[in-house]
Amino acid sequence: GSLKFPPALGKRFPPIAVADGKTRVTGVRIAIRYERKAIAGRVQTTKGAPLPDVLVRAEAKRSWGAATARTTVDGTFTFRDLPDGTYTVRATGTRGTTFVENVAAGRRDVVLSIPEPGTIAGTVTGFSGQVVVMAYSATARAELRASAKDGAFELRNVPPGEYNVVAIAGDEHATVEATVAEGATATVKLVVRASGSVTGTAVDETGAPVANARCNLNGGNNLT
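Keep in mind that this is a model prediction, so the values were computed, not measured.

We now examine the sheet that holds strand 14 (residues 185-191). Strand-to-strand pairing in sheets goes through backbone hydrogen bonds, with the strands running parallel or antiparallel. With mixed pairing, 3 strands are arranged side by side in an open sheet as 11-8-14. The open sheet has two edge strands with one neighbour each: strand 11 (152-158) and strand 14. Across this sheet, the average inter-strand angle for adjacent strands is 20°, counted without regard to direction.

So this is what it looks like as structure tokens:
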């Protein structure tokens, strides 16, 4: 399965001797310690409100898989039939992600608190077409999108964190940074950046032109 089981006796399974390429080993029995336990708890906001329908994972160390569950209407969750050991319990929902490490199988008091989401609101200026606003965050693992209307936009249910806010309309664009605090609104202004062109010639060490050379323009948007 996706979880490792310890040996019935000791800490390691006994080695099986294979003398050479003609050896055939039969009658091998693998005895495991099949202790089944549960982990239960609750996912809530930092103010104590329950969060239903949140995906919760119990990740064992040195294991490639994880047990999964979803919170009920009162924010509670239960993992059953877990092997003995310690787990990282991680909750992921539309409001963000949080986790608790070193949770021993058998605990039923695990509490995972996800911060109240915030809002990114602002204005876009100087664009000639329909503007799409996007916010990216590596720390909050979030990506949000909205269309500006009458020069204004609002991104809701934003997990707290640091964001790059980008407005795009065709070839026009603008970028700002925003910090979203728990339950707060970050206000930004996006002003279209004037565009231009860079013209030049690629040459070799003798000054002769070089055909089919790939030229990169490294600026604020890493254009190529």
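So, next bit.
We now examine the sheet that holds strand 3 (residues 66-70). Spatially, 4 strands are ordered 3-2-5-6 in an open sheet, and the strand pairing comes out antiparallel. What marks the edges here is a single partner per strand, and that holds for strand 3 and strand 6 (96-104). Across the sheet, the axes of successive neighbouring strands diverge by a mean angle of 20°, strand direction being ignored.

Moving on, we get to a nonpolar patch on the surface. A cluster of nonpolar side chains, contributed by Phe 13, Ile 16, Val 18, Val 25, Val 28, Ile 30, Ile 32 and Tyr 34, occupies part of the molecular surface with about 780 Å² of accessible area. Tracing the sequence through the fold places Ile 32 in the segment before strand 1 (36-45).

This part is about the pattern of salt bridges. Taken as a whole and judged by the stated rule, the model has 7 salt bridges. When the shortest N-O distance is used, the salt bridge between Lys 37 and Asp 84 registers 3.3 Å. Of the two residues, Lys 37 sits in strand 1 while Asp 84 sits in the loop between strand 4 (76-83) and strand 5 (86-93), which places them 47 residues apart along the sequence. Take Lys 37: its relative accessible area is 31%, and that puts it in the partly exposed class. Accessibility expressed as a relative area gives 38% for Asp 84, which makes it partly exposed. Glu 59 is the salt-bridge partner of Arg 57, the closest N and O atoms lying 3.4 Å from each other. Bridged by salt links that share partners, the residues Arg 57, Glu 59 and Arg 90 form one connected network.

So, about the pairing of strand 12 (residues 161-169). Strand residues, when the strand is regular, have side chains that alternate between the two faces of the sheet. Strand direction decides the pairing type here: strand 9 (residues 132-137) and strand 12, joined by 5 bridges, are antiparallel. The partner of Val 133 across the bridge, within strand 12, is Ala 167. Two elements, strand 12 and strand 13 (residues 172-180), share 9 bridges in a ladder whose sense is antiparallel. Its bridge partner being in strand 13, Tyr 163 is matched across the sheet by Ala 178.

The next subject is the nonpolar core. Soluble globular proteins tend to bury their nonpolar side chains together. With 22 residues, the main nonpolar core has Ile 120, Val 124, Val 133, Phe 153, Leu 155 and Val 165 as its most contacted residues. Among the secondary structure elements, those contributing two or more residues to this core are strand 8 (118-125), strand 9, strand 10 (142-147), strand 11, strand 12, strand 13 and strand 14. Considering each element in turn, this core owes the most residues, 4 residues, to strand 12. Apart from residues no more than four positions distant in its own chain, Ile 120 is found in contact with Ala 135, Phe 153, Glu 154, Leu 155, Val 158, Tyr 163, Val 165, Val 180, Ala 186 and Val 188.

Right, let's talk about the confidence of the model for the protein for a bit. On average, residues of the protein carry a pLDDT of 89, and 92% of them reach 70 or more. Ranking the elements of the protein by mean pLDDT puts strand 10 last, at 86, and strand 14 first, at 96.

Once that is clear, we can look at the side chain of Thr 88. Here Thr 88 is to be found in strand 5. The class of Thr 88 is buried, set by a relative accessible area of 14%. Apart from the residues within four sequence positions on either side, Thr 88 is in contact with Arg 57, Ala 58, Glu 59, Phe 99, Val 100 and Glu 101.

Another aspect to go through is the packing of aromatic side chains. Counting across every chain of the model gives 1 aromatic pair. Its guanidinium or amino end placed over the ring of Phe 99, Arg 90 lies 4.9 Å from that ring's centre, counting from NZ or CZ.

Conventions used here
Residues numbered from 1 in each chain as written. Predicted model: local features only at pLDDT ≥ 70, side-chain atom pairs only at ≥ 80, totals over all residues. Heavy atoms only, no water. Pairing = 2+ DSSP bridges. Helix = DSSP H or I, 4+ residues; strand = E, 2+ residues; numbered from the N terminus. Axes fitted to C-alpha atoms, helices over the stretch in contact; angles between N-to-C directions. Patch = residues over 30% accessible without salt bridge, like charges linked within 9 Å, V, L, I, M, F, W, Y side chains within 5 Å. Areas by Shrake-Rupley, 256 points an atom, 1.4 Å probe, with all protein chains shown as cover. Salt bridge = Lys/Arg side-chain N within 4 Å of Asp/Glu carboxyl O. Buried < 20%, exposed > 50% of the residue type's maximum accessible area, 1.4 Å probe, protein only. Core = buried A, V, L, I, M, F, W, Y, C linked by side-chain atoms within 4.5 Å. Contact = heavy atoms within 4.5 Å. pLDDT = per-residue confidence, 0-100. Phe/Tyr/Trp six-rings, centres within 6.5 Å; stacked < 30°, edge-to-face > 60°. Lys NZ or Arg CZ within 6 Å of the ring centre and 35° of its normal.

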